[in-house]
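Examining the three-dimensional arrangement
Here are the chains, one letter per residue:
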Amino acid sequence: GAGVSQSPSNKVTEKGKDVELRCDPISGHTALYWYRQSLGQGLEFLIYFQGNSAPDKSGLPSDRFSAERTGGSVSTLTIQRTQQEDSAVYLCASSLLAGGGREQYFGPGTRLTVT
Amino acid sequence: TQLLEQSPQFLSIQEGENLTVYCNSSSVFSSLQWYRQEPGEGPVLLVTVVTGGEVKKLKRLTFQFGDARKDSSLHITAAQPGDTGLYLCAGAYVGSSNTGKLIFGQGTTLQVKP
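All values derive from a computational prediction rather than experimental measurement.

Another aspect to go through is the interface of chain A and chain B. Opposite the 22 residues of chain A that make contact, chain B presents 24 residues. Summing both sides of the interface, chain A and chain B together bury roughly 1,600 Å²; the carbon and sulfur share of this comes to 53%. Inspection of the region where chain A meets chain B yields three residue pairs in polar contact (both at pLDDT 80 or more). Those elements that provide at least two residues to the side of chain A that touches chain B are β4 (31–37) and β5 (43–50) of chain A. When its residues are assigned to classes, the side of chain A that touches chain B shows nine nonpolar, 10 polar and three charged.

All names here are of chain A. Taken together, the four strands give an open sheet; going across it, the order is β1-β3-β7-β6, and neighbouring strands pair in antiparallel fashion. Each of the sheet's edge strands pairs with one partner strand only, and the pair in question is β1 (5–7) and β6 (65–69). This sheet shows a mean twist of 15 degrees between the axes of neighbouring strands, independent of strand direction. Both strand β3 (residues 19–24) and strand β7 (residues 75–79) contribute to a ladder of five bridges, which runs antiparallel.

On to the pattern of salt bridges. This structure, assessed with the given rule, holds six salt bridges over all chains. The salt bridge partner of R64(A) is D86(A), with a shortest N-O separation of 2.8 Å. Residue R64(A) is located in the loop between β5 and β6, and its partner D86(A) is located in the loop between β7 and β8 (88–95); the two are separated by 22 residues in the primary sequence. Just as R64(A) is buried, D86(A) falls in that class too. Linking R60(B) and D83(B) is a salt bridge whose minimum nitrogen-to-oxygen distance equals 2.9 Å. Taken together, the positions of R60(B) in the loop between β6 (55–58) and β7 (61–65) and D83(B) in the loop between β8 (71–76) and β9 (85–93) put the pair 23 residues apart, joining distant regions of the chain. Owing to a relative accessible area of 28%, R60(B) belongs among the partly exposed residues under this scheme. Among the residues examined, D83(B) registers a relative accessible area of 7% and is labelled buried.

Take the nonpolar core next. Grouped together as the largest cluster of nonpolar side chains are 23 residues, with contacts concentrated most on I13(B), L19(B), L32(B), W34(B), L74(B), I76(B) and L110(B). Mapped onto this core, the elements with two or more residues apiece are β2 (10–14), β3 (19–24), β4 (29–37), β5 (44–49), β7, β8, β9 and β11 (108–113) of chain B. Among the nonpolar cores identified, the runner-up in size contains 20 residues, and F49(A), F65(A), A67(A) and I79(A) belong to it.

Criteria and thresholds
- Residues numbered from 1 in each chain as written.
- Chains lettered and ligands numbered in written order.
- Predicted model: local features only at pLDDT ≥ 70, side-chain atom pairs only at ≥ 80, totals over all residues.
- Heavy atoms only, no water.
- Contact = heavy atoms within 4.5 Å.
- Buried area = accessible area lost by both parts, 1.4 Å probe.
- Polar contact = N/O pair within 3.5 Å; in protein donor to acceptor, adjacent residues only side chain to side chain.
- Helix = DSSP H or I, 4+ residues; strand = E, 2+ residues; numbered from the N terminus.
- Nonpolar A, V, L, I, M, F, W, Y, C, P; charged D, E, K, R; others polar.
- Pairing = 2+ DSSP bridges.
- Axes fitted to C-alpha atoms, helices over the stretch in contact; angles between N-to-C directions.
- Salt bridge = Lys/Arg side-chain N within 4 Å of Asp/Glu carboxyl O.
- Buried < 20%, exposed > 50% of the residue type's maximum accessible area, 1.4 Å probe, protein only.
- Core = buried A, V, L, I, M, F, W, Y, C linked by side-chain atoms within 4.5 Å.

So, in structure tokens, the structure goes:
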């Protein structure tokens with residue numbers, strides 16, 4: 001079946017503009033995660049959704065970042081008033097169920113460049 | 001703050017050589033995963049280890065979980081150019097096991113030259 005998809009694949013925006021990044025998880029996966037990755041580095045956890053539970057927002061770096069997941073499927077990560085330090089690859093992952101040891105399936109990411 | 005220290009950060013070797021990548025923390029993991037990532041793609045899971053002292057093999061790759069579940073290693077035998085990529089360890093700490101929230105190491109960039 002189809003994997004995790006993300007759009008756009010690349011986004012160049014001017015400092016101060018808002019951006020929306022989209023993630024389509026694998027159908028039936030109840031857990032969805034957003035991560036941020038700087039060039040050649042590890043992944044930084046941002047936010048986690050599981051079913052109808054309140055999301056875990058503990059990784060969001062500032063109140064300029066927000067995310068929602070509508071209908072338990074598609075998720076949108078919004079960055080308001082973008083800054084140059086927001087430039088990174090934003091990765092989305094989904095998992096059939098939440099829980100330690102569960103495989104997370106990653107999308108190809110959205111490369112965000114803030115000029 | 002929970003940290004995962006991964007070393008080395010960069011490794012460049014000749015085809016046929018062996019190598020080991022290490023992942024260490026002061027905290028105990030409920031499980032640990034190793035991922036491989038190629039440029040322009042998301043990470044892909046290689047293995048999950050759960051039990052202290054566990055050893056798993058995937059062809060030329062051997063994964064070991066420390067007895068105390070605080071560290072792990074990835075050993076590659078007779079590396080091939082196709083092994084080139086970014087290797088990431090990721091841990092689910094005790095207490096976060098019900099969410100699947102992972103803490104990632106900073107990654108090891110492996111380059112295998114023919």
